[in-house]
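Understanding the architecture of this molecule
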Amino acid sequence: MPKEILRDRAPDMWRYREVLPGCKPVTLGEGFTPLHSAHQLGPHWLVKDESMNPTGSFKARGMSAAISVAWHFGYDRVATPSAGNAASAMAAYAAAAGQEAFVFMPSDTPRPIIEECRALGAKVELVDGLITDCGKIVRERTQKMQWFDLSTLREPYRIEGKKTMGYELVEQMDFRVPDAIVYPTGGGTGLIGMWKAFDEMEQLGWIDSKRPKMISVQAKGCAPIVRAFDRGDRFADEFENPYTYASGLRVPKAIGDFIMLDLIRESKGTAVTVTDQEMAHGVEALGSTTGIYAAPEGGAVVAAAEKLTESGFLDHFETVVLFCTGSGLKYAGSTPMEPTD
Ligand SMILES: *Cc1c(COP(=O)(O)O)cnc(C)c1O
């Protein structure tokens, strides 16, 4: 796959079709999101604005790939547990493919996302619990309901879609990698997908062996990966009493914990927490200087990059890519949460 073939391709994630599942794409124009300068925040900071995707988050990439494969294999029902954005992305692509969609979300998922799922035709079940509880329900009913289970990292295709963030970043940076990538981490597919993309691009001869420092950002109220990173553990224990208004980060236990922890260490990156208040400030800092209205997860990344610059982990000469993973519009009415105990 010589990089020259990209020249004539449409600006969406299927421009990398040689490295994606080889079936007919179910597409809504996902991917090829803008990479903006955020020099007002840091001299060499860039923002990858994933809020421009269909349904307003990077989850669209994974669901475009996964629904395409499910459709290819003749599934007409799909299901997922979700903290919010994965559900509406799945609902959208299932609608486009003519499939029935079943989504299971915590009852305190941001309202606009719940309404979005319903408008997109999904059967919505609100669960009094966390995404992990929703996941149990999906697995219990899979056999009886005959649906394709699209839970994070339990099928191999969502990650394939998400890895295109890595491909795009490199293409948009003229086939170089940045010094650091700062990413808000829940289930971890963003980090894992991009890491896979870098290895593939090295094999394709697009980049050399240099890798960005991979920096995972979690909420102070739900930080299983940061805690395991600090302890030097390879696996992350479930985080008790998790809270944060960044619903995408409210993932107390991630099935891909060891993959994330390995890659963070191998890349000489780090893992840090920010409070909900710091996320909210990050949203304002990004919005007022760049014109991008970020989800709290995007604000978290801004706050984390500022902290890491103060601590000296990042320096002013480094090119730092901040991932704004979703749109602030989907969190209308949500406000920073305080500890409950
Ligand atoms: C899902 C989600 C995340 C977390 O991403 P993972 O790849 O699951 O770690 C971050 N931000 C937003 C807006 C999300 O929807």
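About the thresholds
- Residues numbered from 1 in each chain as written.
- Predicted model: local features only at pLDDT ≥ 70, side-chain atom pairs only at ≥ 80, totals over all residues.
- Heavy atoms only, no water.
- Buried < 20%, exposed > 50% of the residue type's maximum accessible area, 1.4 Å probe, protein only.
- Helix = DSSP H or I, 4+ residues; strand = E, 2+ residues; numbered from the N terminus.
- Pairing = 2+ DSSP bridges.
- Right-handed = clockwise from strand over helix to strand, strands pointing away.
- Domains from an automatic or database assignment.
- Contact = heavy atoms within 4.5 Å.
- Buried area = accessible area lost by both parts, 1.4 Å probe.
- Salt bridge = Lys/Arg side-chain N within 4 Å of Asp/Glu carboxyl O.

Here the focus is the pairing of strand 7 (residues 180–184). Successive side chains on a regular strand alternate, one facing one side of the sheet and the next facing the other. Counting buried positions along strand 7 yields 5 of 5 residues, so the element is predominantly enclosed. Neither face of strand 7 is exposed, since Ala 180, Val 182 and Pro 184 on one face and Ile 181 and Tyr 183 on the opposite face are all buried. Here 5 bridges tie strand 7 to strand 8 (residues 213–219), and the two strands are oriented parallel to one another. When the bridges of strand 8 are listed, Pro 184 appears paired with Val 217. As a crossover connection, the stretch from strand 7 through helix 7 (residues 189–203) into strand 8 is right-handed. Pairing analysis gives 3 bridges linking strand 7 to strand 10 (residues 320–324), with the strands arranged parallel. Directly across from Ala 180, in strand 10, lies its bridge partner Val 320.

With that out of the way, let us pick up the domain arrangement of the chain. By convention, interface size is frequently given as the accessible area that disappears when the constituent parts associate. In terms of domains, the chain is made up of domain 1 (3–57 + 158–331) and domain 2 (59–149). Relative to domain 2, the C-alpha centre of domain 1 lies at a distance of 23 Å. On the side of domain 2, 32 residues touch domain 1, which itself brings 35 residues to the contact. Taken as a group, Val 26, Arg 158 and Lys 330 account for 28% of the area that domain 1 buries against domain 2, more than any other trio of residues on that side.

So, on to the pattern of salt bridges. Scanning all chains against the criterion turns up 23 salt bridges. In this structure, the salt-bridge partner of Lys 163 is Glu 200, at a minimum N-O distance of 3.0 Å. Of this pair, Lys 163 sits in the loop between helix 5 (158–162) and helix 6 (164–172) while Glu 200 sits in helix 7, and the two are 37 residues apart along the sequence. Residues Lys 163 and Glu 200 agree in their burial class; the two are buried. Linked through salt bridges whose partners overlap, the residues forming this network are Lys 48, Glu 50, Arg 61 and Glu 168.

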